[in-house]
Amino acid sequence: MAARPFRQFVVKVHSRCDLACDHCYVYRHADQSWRRQPRVMAPRIARATAERIAEHAAAHRLRRVTVVLHGGEPLLAGPERLSSMARELRRSLDGVAVLDLRMQTNGLLLDEAFCAVLARERIRTGVSLDGDRASHDRHRVRADGSGSYDDVVRAIRLLGRPAHRAAFAGLLCTVDVSNDPDAVYEALAELRPPRVDFLLPHATWDHPPPRPHGDADYADWLITVYDRWNADDRPFSIRMFESVEAAASGEAGFTEALGLGSPDLVVIETDGSIEQADWLKTVGEGAPATGFHVLSDTFDEASAHTGFQARTLGLDGLSEQCRRCPVVEICGGGLYGHRHRSGSGFANPSVYCPDLLRLIRHVRAAPAPPRDTLEPADFTALTAGGERERTAVLRLAEAQLNLRRAMLAYLHQGGAGSAGAWQALLGMDGPALDAVLSDPAVHAWAVAACAAIARGLDVPDTALLDGVALATAVHARRSLELPVRVGPSGVVTLPTVGRLLLPDPASRPPAGTVPVVADDGGVRRADGGTAVWEPVRRLAVGGITLRLAHADDHRPTGAGGDRRPATWRTGTGRTDAGRTVAERAGTIPTDAGGTGTGRTEAWQRSLEAAWGILSPRQPHLAAALAAGVSTVVAVDGEPAEGAPRPPFGALALPLSAPPEDLALALAREWQYAKFAALRDLYDLGGAGRDALRRAYVRLAVARAWRARPGDADRERAAHWQREAIAALGSFADEAGDPAAAGRRLAADIGAAARALDEGA
C-alpha cells in the first residue's frame, strides 16, 4: 500500500511532568514506556527530527506542516531548548513548507519571560484547563495532591495579555460528567480563549468510562455546553462541535476523533522513536510503538507500519455495526483507540457510541444561531429582479457588512494579528472602518483567517490586518504608524486605498518587518527606505466609481460561492478554507495583464460601452449593480461556470471583451455575487447547492438575452430558460429535503423563469 503523508508531527521534547493527573493517558494507563525514555530530547535527535519532517514535506510537496511540542510537560525543557527546537524546525523547513508550530502545556511554568519566547518564536500554545476550580482540581493535581487551578489560570491570563495573545491557541478541557457543565463552560468562557477543545477521557471496552447517570452521560454533558455556546452566540471556537457541523454538511471534519478521513498524525518520542498516537497507550504496553527511529528511518517507511495503514481504510475499516449506522459519515467510528476490546481488537464501535450518536443528532437538529436575514420580499426581489431589487441589494450589503464585522470580532477574540493594529482599529471604529470592510478582499481574507482559527492553524497573512488599520486611518484622516511584516512578494496592501511596494529585497530589514506610516502626507515607509506607493485605480461608469482590484486580493475560499468558515454556522456553515485555492478545482484567472495606466484607460472605455448597452435594456439591473458592486477584478476570459468567484461586492470581468459580451458578463457575474451573499446567510441546499447556483445564474443569462431585440436573441433566451429549469430539476434530485431557504429560492427561480414566457 502506498505511503500516506503525515501532516501533524507531535514532538516529545520532555518526557516527564510536574503534575500527577489521575486521568493522564501517558502515565496512568497500560503503556508505561515513558519510564524508559530520556527526560529531554537531545540536540542531535531534535536536529534529525526537523530534517526528517522537512524531507517528508518535500517528498510529498506539502504546503504546510503542523508540529506540536509536547510531553510530558514541554515547558520543563526550558526556554532555550524550545527556542532551539523552533529555530531548527524553521531552518529545515525554510523554502520547503510553512511551519505551523504549536505546544500543549499545563501552564505551570509560564511567566513573562516564557511568554515572550513563545510570542517571539511564534509557538501557538494551548493550555489544559478542566473548568472551574472544583472541576479542574478533581484530577489535575501535583504529586502531593494539591490543586493546580490558581497557577494555571494565572498562566492563561498572562498568555492572554495583548503582548502575548498571538501565542495563545486555546484551552484543552477533559470532560468529566461529575463536573457541572454550566460551571465548566462559564469558567472557560471567562478567560476569553480563541478556541476550546473538549476531550473525551481515553477509555476502551476493557476499561470503559464511568457513567453515573446513564448510557449517554457524555452526550448529555456536551449537549448542555453546546446549547450554552449557541445561546451565547458562539464567543469562541469549539472544535468538536464545529467538526460535527462541517461533517454533517459534507465537508471533512477537523478532529481525528470524528469522521472517515485518514489520520495524518505521527509522534516522535524524546529518544527519537517514531510512534503512533499517544491515546493507544490506553490499549496495552507498547501499543503505539512502530520500531522506526528518526536516525535510521524516513517517515514514509514508518507510514507503511500496519498500525498506520489500518487507519486509512475509511468505511471498510469499521465494524459492521458502524457501517450500518446513519451517522457513520460524521462519526467515522469515533477515535480509533476508543474502539479497542480484547479479542476483537479495533473492530468495534466506539465505547462512546451512544454519546456520539445522541450528540450528532442534537447538533444536526439544532437551529442555526441568530443571523442577519432578509425579508421574504427582498429574497424574491433578488431573484426576480425589477424595481425592488436595488432596495433588497442595499439590505443584503448591510448584512454582509455585519458579517464582516462579526468575523473581525472573532479574529480579535482569537488573537489574530498585532496588538498595535487592534488598538488602532478599536479607536477608529465607525464609518472609516466600515468603508474599509466594504472591500471584498477583506471578506476573502477574514474567511480564511476565521477558518484557520477554527481549525487551530496559523492565521494567514496577518499583515493584511495591519493594512486594514492603516487604511482605516486614511479614511478617518488620522496619522498611524505600524510595524508590518512583509512577505516574499514585498507588497503591503491597504484595502480600498492602495499598495506599498518594496521591490528591492535588499531594502527590507532581515526580520521582514517594515514601519509603515499613513497620514496627510500619504502612505510611506517610516524608516525612509525604498518603497513605491501604488494607489487603487478606479473606473467610473453610470455615475458610480469602482475600484480596479488585483485578482490575488480576492481569491475566494471555496467553489460554489461557499465562503464561510465552520465556526460561522448559518445554515450548514460549510467551508473548504483549510486548503489553498490551487488545491481546489479551479481558480479565478490571474490579472489580465496587470492594472497599468494604459490598460485602465482601455478598460474604462470598454466598461462604458457595455454599461451603455445594459443600462437602457435593463435599468433596474443597472440600479442594483450600482448599489451592490464596489470592485472589478479584471480577468483573462470568461470564468468557467463552476469556478470560484470573488466575494460579494466584486465582479470578475473580462474587460477586454466586446461590449455586448461584457454587458452579458455584468448580468451573469452579478448573479454569482448575489448567490454568494445569500449563501453566506442561508443554507441553500446542501448537496444540491451547486445545481441551485447554476439555475440562479442561468436565469440571469436568460433574462439578459430576453432584453435584447432580435429573434435570435429570444431563441437564446429560451435556451437559457430551459437550462435554468433543468438545473432546478437537478437541484430537486440532489438536494433531497433541502432547508426552507433552498426551497424558497428554487421556487422563486422557477417563478421568474416562467415569467419570461409572459414577457416580464
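Predicted, not measured: the structure shown is a model, and the values here were computed from it. (Residues numbered from 1 in each chain as written. Predicted model: local features only at pLDDT ≥ 70, side-chain atom pairs only at ≥ 80, totals over all residues. Heavy atoms only, no water.)

Enquirer: Lay out the overall build of the protein with the relevant residues and their values.
Expert: The number of helices and strands found in the protein is 25 helices and 20 strands. Out of the 760 residues in the protein, the part that is buried amounts to 58%. A total of about 29,100 Å² of accessible surface is found on the protein, and carbon and sulfur atoms cover 51% of it. (Helix = DSSP H or I, 4+ residues; strand = E, 2+ residues; numbered from the N terminus. Buried < 20%, exposed > 50% of the residue type's maximum accessible area, 1.4 Å probe, protein only. Areas by Shrake-Rupley, 256 points an atom, 1.4 Å probe, with all protein chains shown as cover.)

Enquirer: Break down helix α7 (residues 217-231) for me, citing the residues and quoting the values.
Expert: Look at α7: 21 Å from first C-alpha to last across 15 residues, which is about the 21 Å you get at 1.5 Å a residue. Within the sequence span of α7, burial applies to Asp217, Tyr218, Ala219, Trp221, Leu222, Ile223, Val225, Tyr226, Trp229 and Asn230. For α7, the elements touching its buried residues are α6 (181-190), β6 (195-199), β7 (237-238), α8 (239-248) and α13 (353-365). The positive-phi residue at the C-terminal boundary of α7 is Asp233, with phi of around 65°. (Expected span 1.5 Å × (residues − 1). Contact = heavy atoms within 4.5 Å.)

Enquirer: Outline empty space enclosed by the protein, listing residues and values.
Expert: Under the counting rule described, the total for this entry stands at three cavities of 30 Å³ or more. Of the pockets and cavities examined, the largest cavity occupies roughly 70 Å³. Residue lining of the largest cavity: Ile613, Leu614, Arg617, Gln618, Ala663, Leu664, Ala667, Ala704 and Arg708, and that is the complete set. At the level of secondary structure, the elements contributing two or more residues to the lining of the largest cavity comprise α20 (597-617) and α22 (659-681). (1 Å grid on protein atoms, 1.4 Å probe; cavity = no way out; pocket = protein on both sides within 12 Å on 5 of 7 lines; lining within 4 Å. Points joined across faces, edges and corners; volume = space filled by probe spheres on them.)

Enquirer: Requested: an account of the packing of helix α15 (residues 389-413) against α22, with residues and values cited.
Expert: Any two packed helices are characterised by the angle at which their axes cross and by the distance between the axes. At their nearest, the axes of α15 and α22 sit 10 Å apart, and the two run at 50° to each other. By the criterion of interaxial angle, the relationship of α15 to α22 is oblique. The crossing of α15 and α22 is left-handed. Note on element contacts: α22 touches α15 through Trp670, Lys674, Ala677, Leu678, Asp680 and Leu681, opposite Glu389, Val393, Leu396, Ala399, Gln400 and Leu403. (Axes fitted to C-alpha atoms, helices over the stretch in contact; angles between N-to-C directions. Parallel < 35°, antiparallel > 145°, perpendicular 65-115°, else oblique. Left-handed = near helix turned anticlockwise from the far one by under 90°.)

Enquirer: Outline the environment of Asp31, listing residues and values.
Expert: One can find Asp31 in the loop between β1 (8-12) and α1 (43-59). Residue Asp31 is classed as buried on the basis of its relative accessible area of 0%. Between the alpha carbons of Asp31 and Pro288 there is a distance of 8.5 Å; along the sequence they are 257 residues apart.

Enquirer: Go over the sheet that holds strand β14 (residues 513-519), please, and point to the residues and values.
Expert: One open sheet accounts for three strands, arranged β11-β14-β15; its pairing is antiparallel. Two strands lie at the open edges of the sheet, namely β11 (480-485) and β15 (522-525), each paired on one side alone. With direction set aside, neighbouring strand axes in the sheet form an average angle of 25°. As defined by bridge partners, β14 adjoins β15 across four bridges and the pair is classed as antiparallel. Paired with Val517 across the bridge in β15 is Arg524. On the sheet, helix α19 (residues 463-476) packs against β11, β14 and β15 and is oriented at approximately 160° with respect to β11. (Pairing = 2+ DSSP bridges.)

Enquirer: An account of helix α2 (residues 79-93) is needed here, citing residue identities and associated values.
Expert: Note: α-helices contain 3.6 residues per turn, so residues at a spacing of three or four share the same orientation. With 15 residues, α2 should reach 21 Å at 1.5 Å per residue; the first-to-last C-alpha distance of 21 Å fits that figure. Turning to α2, its buried residues number three or more, namely Leu82, Ser83, Met85, Ala86, Glu88, Leu89, Ser92 and Leu93. Residues of α2 that are buried sit in contact with β1, α1, β2 (64-70), β3 (98-105) and α3 (112-120). A positive backbone phi angle near 80° is found at Gly95, which sits one or two residues after α2.

Enquirer: Describe the nonpolar core, with residues and values.
Expert: Within the largest apolar cluster, 95 residues are counted, with the highest numbers of intra-cluster contacts made by Leu69 and Phe198. Considering each element in turn, this core owes the most residues, eight residues, to α7. Apart from the residues lying within four places of it in its own chain, the contact partners of Leu69 are Val11, Val13, Pro74, Leu82, Met85, Leu101, Arg102, Met103, Gln104 and Ile123. Counting 67 residues, the second largest nonpolar core, distinct from the first, contains Ile544, Leu548, Leu651 and Val697. (Core = buried A, V, L, I, M, F, W, Y, C linked by side-chain atoms within 4.5 Å.)

Enquirer: Please set out the packing of aromatic side chains residue by residue, giving values where relevant.
Expert: Enumeration according to the criterion identifies 14 aromatic pairs in this entry. Seen in terms of ring centroids, Phe379 and Tyr682 are 5.1 Å apart; in terms of plane orientation they differ by 85°. Their pairing is edge-to-face. In this pair, Phe379 sits in helix α14 (residues 376-384) while Tyr682 sits in the loop between α22 and α23 (689-706), placing the two residues 303 residues apart along the sequence. Taking the relative accessible area as the measure of exposure, Phe379 reaches 4% and is therefore buried. Ring geometry for Phe648 and Trp670: centres 5.9 Å apart, planes at 40°, overall tilted. Taken together, the residues span a long stretch of sequence, with Phe648 in the loop between β19 (631-634) and β20 (650-653) and Trp670 in helix α22 at a distance of 22 residues. Residues Phe648 and Trp670 agree in their burial class; the two are buried. Through pairs of rings, three or more aromatic residues link up here, namely Phe198, Trp221, Tyr226, Trp229 and Phe241. Above the face of the Trp705 ring, Arg716 is positioned so that its terminal group lies 4.4 Å from the ring centre. (Phe/Tyr/Trp six-rings, centres within 6.5 Å; stacked < 30°, edge-to-face > 60°. Lys NZ or Arg CZ within 6 Å of the ring centre and 35° of its normal.)

Enquirer: Kindly report on the side chain of Arg698, identifying the contributing residues and their values.
Expert: Within the secondary structure, Arg698 sits in helix α23. Within the structure, the side chain of Arg698 is placed 2.9 Å from the side chain of Glu641, a separation counted as a polar contact. Setting aside residues up to four positions removed in sequence, Arg698 forms contacts with Glu641, Trp720, Glu723, Ala724 and Ala727. (Polar contact = N/O pair within 3.5 Å; in protein donor to acceptor, adjacent residues only side chain to side chain.)

Enquirer: Tell me what's going on with the packing of α2 against α3, and back it up with residues and numbers.
Expert: Interaxial distance between α2 and α3 falls to 10 Å at its minimum, and their mutual angle equals 0°. In terms of their interaxial angle, α2 and α3 are classed as roughly parallel. Of the residues in α3, those in contact with Pro79, Leu82 and Ser83 of α2 are Phe114, Val117 and Arg120. Partitioning the contact of α2 with α3 into residue classes produces four nonpolar, one polar and one charged. (Nonpolar A, V, L, I, M, F, W, Y, C, P; charged D, E, K, R; others polar.)

Enquirer: Tell me what's going on with the environment of His207, and back it up with residues and numbers.
Expert: With respect to the helices and strands, the residue His207 is situated in the loop between β6 and α7. On a C-alpha basis, the gap between His207 and Arg341 in space is 8.9 Å, while along the polypeptide they are 134 residues apart.

Enquirer: How would you explain the sheet that holds strand β16 (residues 532-535) if you had to name every residue and give the values?
Expert: Pairing within the open sheet is antiparallel, and its three strands lie in the order β12-β13-β16. The open sheet terminates on both sides in strands that have one partner only, identified here as β12 (491-494) and β16. Strand-to-strand, the axes of this sheet are offset by a mean angle of 20°, without reference to chain direction. As paired strands, strand β13 (residues 498-501) and β16 are joined by four bridges and run antiparallel to one another. Across the sheet, the residue bridging to Gly498 is Pro535, located in β16.

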